[in-house]
Amino acid sequence: MMLRTVWEYILRIFGVEVTKTTGEQWAENMGFTQKYEATEGVNFTAIFANKLSTLAINESSADVVGNNGRVTFLDQCLGEVWERMKPVISRMLGTGGCVIVPYVRLGRIQFDIVSQERMVIHEKQGNHITRATVLADSVKQGERQYFRWVNYQVTGENLYITNKVTDQWGNDAFLDQWAEIEDKAIAGVDRVLFAYFQSPVDNRKFSDEYGVPITYGCDSLIQEIFDCFAQIQDEYKLKEVKIFADERMFQKDPKTGKYRMPSKMYFAAHGKENGDMIEVFSPEIRHSSYYERLQYLFGLLEKCIGTSKGILTAPETRGATATEIKAGLYDTYAMIGDIRLTVEKGVRDYLYACNVLANYYELTPLGDYGVRFDWSYEMIESSSETWGQFKDALELGIKSKVELRQWLNPNETWDEAQKTLQDIDG
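Please read all numbers here as calculations on a predicted model, not as lab measurements.

Some words on the overall build of the protein
Okay, step 1: A count of helices and strands for the protein gives twelve helices and 13 strands.
Okay, step 2: Summarising the internal contacts of the protein: among those between residues at least 6 apart in sequence, 64% fall at separations of at least 24.
Okay, step 3: Of the roughly 23,700 Å² that the protein leaves accessible, carbon and sulfur atoms contribute 50%.

Quick notes on the sheet that holds strand β3 (residues 108-115)
Okay, step 1: Read across the sheet, three strands follow the order β3-β2-β9 without closing on themselves; strand pairing throughout is antiparallel. Each end of this open sheet is capped by a strand with a single partner; those strands are β3 and β9 (195-198). Geometrically, the sheet is characterised by an average inter-axis angle of 20 degrees between neighbouring strands, direction not taken into account.
Okay, step 2: Sheet analysis places strand β2 (residues 97-105) next to β9, joined by four bridges and oriented antiparallel. Its bridge partner being in β9, cysteine 98 is matched across the sheet by phenylalanine 197.
Okay, step 3: Here helix α5 (residues 85-95) sits on the sheet and contacts β2, β3 and β9; the angle it forms with β2, its principal contact strand, is near 135 degrees.

Describing helix α9 (residues 330-361)
Okay, step 1: With 32 residues, α9 should reach 46 Å at 1.5 Å per residue; the first-to-last C-alpha distance of 46 Å fits that figure.
Okay, step 2: Two residues or fewer after α9 comes glutamate 362, characterised by a positive phi angle close to 55 degrees.

Quick look at the environment of leucine 159
Okay, step 1: You can see leucine 159 is positioned in strand β7 (residues 158-167).
Okay, step 2: The exposure class assigned to leucine 159 is buried, which follows from its relative accessible area of 0%.
Okay, step 3: The spacing of leucine 159 and lysine 184 is 25 residues in sequence and 8.1 Å in space, taken between C-alpha atoms.
Okay, step 4: In contact with leucine 159, other than residues within four places in its own chain, are Tyr152, Gln153, Val154, Lys184, Ala185, Ile186, Val189, Arg191 and Leu193.

Some words on the sheet that holds strand β4 (residues 119-125)
Okay, step 1: If you walk across this open sheet you meet the five strands as β4-β5-β6-β7-β8, and the pairing is antiparallel. In this open sheet, the two strands that pair with only one neighbour each are β4 and β8 (184-187). Along the sheet, successive strands turn relative to each other by an average axial angle of 15 degrees, direction set aside.
Okay, step 2: The pairing of β4 with strand β5 (residues 128-141) spans six bridges and is antiparallel. The partner of glutamine 125 across the bridge, within β5, is histidine 128.

A short note on the state of the cysteines
Okay, step 1: Summed over all chains, the structure comprises zero disulfides.
Okay, step 2: No disulfide involves cysteine 77; its sulfur sits 4.4 Å from that of cysteine 354, the nearest cysteine.

A few points about the nonpolar core
Okay, step 1: Among the nonpolar cores identified, the biggest contains 96 residues, and Trp82, Met85, Tyr152, Leu193, Phe194, Leu301 and Ile339 are the most heavily contacted of them.
Okay, step 2: Residue contributions to this core peak at 13 residues, all from α9.
Okay, step 3: Sequence-distant contacts of tryptophan 82, defined by excluding residues within four places in its chain, comprise Ile57, Ser60, Ser61, Ala62, Val343, Val347, Phe373 and Trp375.
Okay, step 4: Grouped together as the second largest cluster of nonpolar side chains are seven residues, Tyr103, Val139, Tyr146 and Trp178 included.

A few points about the packing of aromatic side chains
Okay, step 1: Per the counting criterion, the structure on display carries 14 aromatic pairs.
Okay, step 2: Relative to phenylalanine 226, the ring of phenylalanine 44 lies with its centre 5.7 Å away and its plane at 55 degrees, an arrangement referred to as tilted. Of this pair, phenylalanine 44 sits in helix α3 (residues 44-57) while phenylalanine 226 sits in helix α6 (residues 219-238), and the two are 182 residues apart along the sequence.
Okay, step 3: For phenylalanine 44, a relative accessible area of 4% translates into the label buried.
Okay, step 4: Taking the relative accessible area as the measure of exposure, phenylalanine 226 reaches 29% and is therefore partly exposed.
Okay, step 5: For the ring pair tyrosine 152 and phenylalanine 194, a centre distance of 5.2 Å and an interplane angle of 70 degrees mean the geometry is edge-to-face. Taken together, the residues span a long stretch of sequence, with tyrosine 152 in strand β6 (residues 144-155) and phenylalanine 194 in the loop between β8 and β9 at a distance of 42 residues.
Okay, step 6: Put simply, the rings of Phe44, Phe226, Phe229 and Phe298 pair up and form one aromatic cluster.

Examining unusual backbone geometry
Okay, step 1: Its identity as a non-glycine residue notwithstanding, glutamate 59 has a phi of 60 degrees, on the positive side.
Okay, step 2: As for its position among the elements, glutamate 59 is in the loop between α3 and β1 (61-65).
Okay, step 3: In this structure, glutamate 362 is a non-glycine residue whose phi angle is positive, near 55 degrees.
Okay, step 4: Relative to the helices and strands, glutamate 362 resides in the loop between α9 and β13 (370-374).

As for the pairing of β7
Okay, step 1: Judged by how many residues are buried, β7 sits mostly within the fold: seven of ten residues are covered.
Okay, step 2: By the bridge criterion, ten bridges tie β6 to β7 in an arrangement that is antiparallel. Bridged to glutamine 153 within β7 is tyrosine 160.
Okay, step 3: With antiparallel pairing between neighbouring strands as the criterion, β6 and β7 make up a hairpin whose turn holds two residues, including glycine 156 at a positive phi of roughly 65 degrees.
Okay, step 4: Of the strand pairs in this sheet, β7 and β8 are connected by four bridges, and their pairing is antiparallel. By the bridge assignment for β8, asparagine 158 is matched with alanine 187.

A look at the pattern of salt bridges
Okay, step 1: Scanning the entire structure with this criterion turns up 15 salt bridges.
Okay, step 2: Between arginine 372 and aspartate 63 there is a salt bridge, and its shortest N-O distance comes to 2.7 Å. Taken together, the residues arginine 372 in strand β13 and aspartate 63 in strand β1 connect sequence positions 309 residues apart.
Okay, step 3: Residue arginine 372 is classed as partly exposed on the basis of its relative accessible area of 34%.
Okay, step 4: Residues aspartate 349 and lysine 345 are paired through a salt bridge, measuring 3.0 Å at the closest nitrogen-oxygen approach. Placement of the pair is aspartate 349 and lysine 345 together in helix α9, with a separation of four residues, close to one helical turn.
Okay, step 5: Taking relative accessible area as the criterion, lysine 345 reaches 40% and is therefore assigned partly exposed.
Okay, step 6: Because the salt bridges share partners, they merge into one network encompassing Asp190, Arg191, Lys345 and Asp349.

Cut-offs used in this document
- Residues numbered from 1 in each chain as written.
- Predicted model: local features only at pLDDT ≥ 70, side-chain atom pairs only at ≥ 80, totals over all residues.
- Heavy atoms only, no water.
- Helix = DSSP H or I, 4+ residues; strand = E, 2+ residues; numbered from the N terminus.
- Contact = heavy atoms within 4.5 Å.
- Areas by Shrake-Rupley, 256 points an atom, 1.4 Å probe, with all protein chains shown as cover.
- Pairing = 2+ DSSP bridges.
- Axes fitted to C-alpha atoms, helices over the stretch in contact; angles between N-to-C directions.
- Expected span 1.5 Å × (residues − 1).
- Buried < 20%, exposed > 50% of the residue type's maximum accessible area, 1.4 Å probe, protein only.
- Disulfide = S-S within 2.5 Å.
- Core = buried A, V, L, I, M, F, W, Y, C linked by side-chain atoms within 4.5 Å.
- Phe/Tyr/Trp six-rings, centres within 6.5 Å; stacked < 30°, edge-to-face > 60°.
- Salt bridge = Lys/Arg side-chain N within 4 Å of Asp/Glu carboxyl O.

Here is the structure:
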């Protein structure tokens, strides 16, 4: 509540009178983040977010293409962000959205990664955000927490960026590490200078300013799974082995007067003179029925989220060809495609922001650039089948040796692969 009060105060300081974001929306976004960041117990939102982010980004790459100094500069900017892309995607799916905020410090573009609850959207023009306030960074020094706020406003074709530093109570503050980040006005800009990676999950509302987590709408089903967990735990506790032994088999503690038991499974009982000295209580555990229900609930959760089997349940095996693999994983594959489209949009917005900042600070000479994505299809393809297709394409002249080498060595850039091939050819 303290942060919310400060947040509302900051909006007044920036002169925000009308915003698309209601208090209820902001509170909902806060709730999404708290659920995703919870570390006590099983976190299904985090499980699905981490798994799908791995499938989306693993062995994939992106680079800036062109032949000028600006391309080299932007490719370096992209490379630094791409190294963090897995946690960006995971947080996007876990909280509904993730924001990458670039800024210039000491002649270099740096960036902050924040969840969508630290961003308030005020205005949009089409798909472009034209006014927003972002809690870009926070740091704790001693007992005090400091926040760096950034307000973006597009008026006409000019973007005005205003920074403000406060403590946790909303008082003005100053920190050396943020001293060089200045307010600015930039001409020829049509959107805010940050990248918003919005979750592709349908929020089931007419308004789509914000995204929702991957498990949105599945709370009741997830609660059923937790109830099943509790039932299984109770079943094992109630069916623990117990040994009832004649009390004459034990000695009493002279101080407490209680029988000394070899372990907690033993209980002293009154035996009969001609009866058994020991009786064992070991009922059968109904694990099969409980786990059958648990697997059913796991599969139902996968269907509600929209993935194929294989996240919580065992994956379906339908064959070894690329077509058969794709059929068994089609739902997950389709979702990965949606995630990648979101990533492509976010990356392009980030490079747009970096390009504008490079112009404003004259970091490199002007130059045109393009973006190329090389997505991995390892999850739905047979590597031997794909290699055969690559070799056939090389013989037909529609693929180059450089492309084949990059497929074998996905971490190599185009120039590195070309140089290695030249060295091999002698």
